[in-house]
Every structure is written in C-alpha cells, then in structure tokens.
Amino acid sequence: MDHCNLSARAPWVGLLYTRRNDDAPLADFPDPEHPYARVVCELAYGHGEEHADFLEEMDADLQVWVQWEGEHFTYICVRPCEMVDPTVDPVHQSACMLYAEHPPGHSWELADTPYD
Ligand SMILES: [Zn+2]
Ligand SMILES: [Zn+2]
C-alpha cells in the first residue's frame, strides 16, 4: 500500500502574501519549493475525497491536522491513532502516526516513502 501523496498549495500561503507590503509579484514569494508552501496527503492511496496532512503535535495526545477537499481546507485537533500491528513482535512494533479513526491503511502499512 502506498501513500496518497496528493499535494496542494498550502492555504496559509495566501496569508503570507497579505502580510507583505510591497508589490512584488506573487510568484516570487514564498518560494514554491519551500516545504511549508505545500501540503501533502499522508493517508493511504485511494482513501477517498478528503485528504490530510499532519501539522503540529500539541501534546502526546493531541495533534493538529489539516484536511482538504479541492480548495476547501479544515483544521482538526485529534488524538493520534497509535495502533500497532498485532502480527509483529512487540519489540519491532511501531505506532501508527496518523490520526485516530483515519481511513483504512495505518502508517506502518504504507510502503513508499512519503512525499515521493
Ligand atoms: Zn489523500
Ligand atoms: Zn492508524
């Protein structure tokens, strides 16, 4: 199973533009190659319409994710999934890094490197 990896222009890029006071062309700022200029879906390929990217860990039990469908972005505060693969020796288990109740495909089931 691979990551969805659908990429979109980050919704906050528009805010960065409005804070800029000169008349520089929009294409010059911010650098479109900057990692924070885009969001990339971390869910499993074929998950459905609503894509999701991790933003921030508030504490051990609370994360902020951005979800988007087309041009519509939503921010959610959610618990981490933390499910482990029960078929793997506990020594080698790693917790799922997605949010609780995400669409099927835990992070440890995804074989490709994210953001490829
Ligand atoms: Zn997606
Ligand atoms: Zn999971």
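All values reported here derive from a predicted model rather than from experimental measurement. (Residues numbered from 1 in each chain as written. Chains lettered and ligands numbered in written order. Predicted model: local features only at pLDDT ≥ 70, side-chain atom pairs only at ≥ 80, totals over all residues.)

A. Region of interest: the overall build of the chain. Along the chain, the regular secondary structure elements total one helix and five strands. Going from N to C terminus, the chain has its helices and strands arranged as β-α-β-β-β-β. Residues classed as buried in the chain amount to 17% of the 116 residues present. For the chain, contacts bridging at least 24 residues in sequence account for 45% of all contacts bridging at least 6. (Helix = DSSP H or I, 4+ residues; strand = E, 2+ residues; numbered from the N terminus. Buried ≥ 20, exposed ≤ 12 C-beta atoms within 10 Å, placed from the backbone. Contact = placed C-beta atoms within 7 Å.)

B. Spotlight on unusual backbone geometry. For N5, which is not glycine, the phi dihedral falls at a positive 60 degrees. A residue is classified by how many C-beta atoms lie within 10 Å of it, and N5, with 17 of them, is partly exposed. If you check the backbone angles, E82 has positive phi at about 65 degrees while not being a glycine.

C. Focus on the sheet that holds strand β5 (residues 72-78). Across the sheet, three strands lie side by side as β3-β4-β5; this open sheet has antiparallel pairing. Here the strands that pair on one side only, and so sit at the sheet edges, are β3 (51-59) and β5. Pairs of neighbouring strands in the sheet enclose a mean axial angle of 20 degrees, with direction left out of account. Where β3 lies against strand β4 (residues 62-69), seven bridges are found, and the strand directions are antiparallel. Of the residues in β4, the one forming a bridge with F54 is W65. (Pairing = 2+ DSSP bridges. Axes fitted to C-alpha atoms, helices over the stretch in contact; angles between N-to-C directions.)

D. Structural view of the pairing of β5. Of all the seven residues making up β5, zero are buried; the element is thus mostly uncovered. Between the antiparallel neighbours β4 and β5 lie two residues, among them G70 with a positive phi of about 65 degrees.

E. Main features of the environment of M83. Within the secondary structure, M83 sits in the segment after β5. C-alpha of M83 to C-alpha of A100: the two residues are 17 residues apart in sequence and 8.7 Å apart in space.

F. Representation of the environment of V78. Along the chain, V78 falls in strand β5. Separated by 20 residues in the primary sequence, V78 and M58 place their C-alpha atoms 9.7 Å from one another. Not counting residues within four places of it along the chain, the set of residues in contact with V78 comprises Q63, W65, Y99 and A100.

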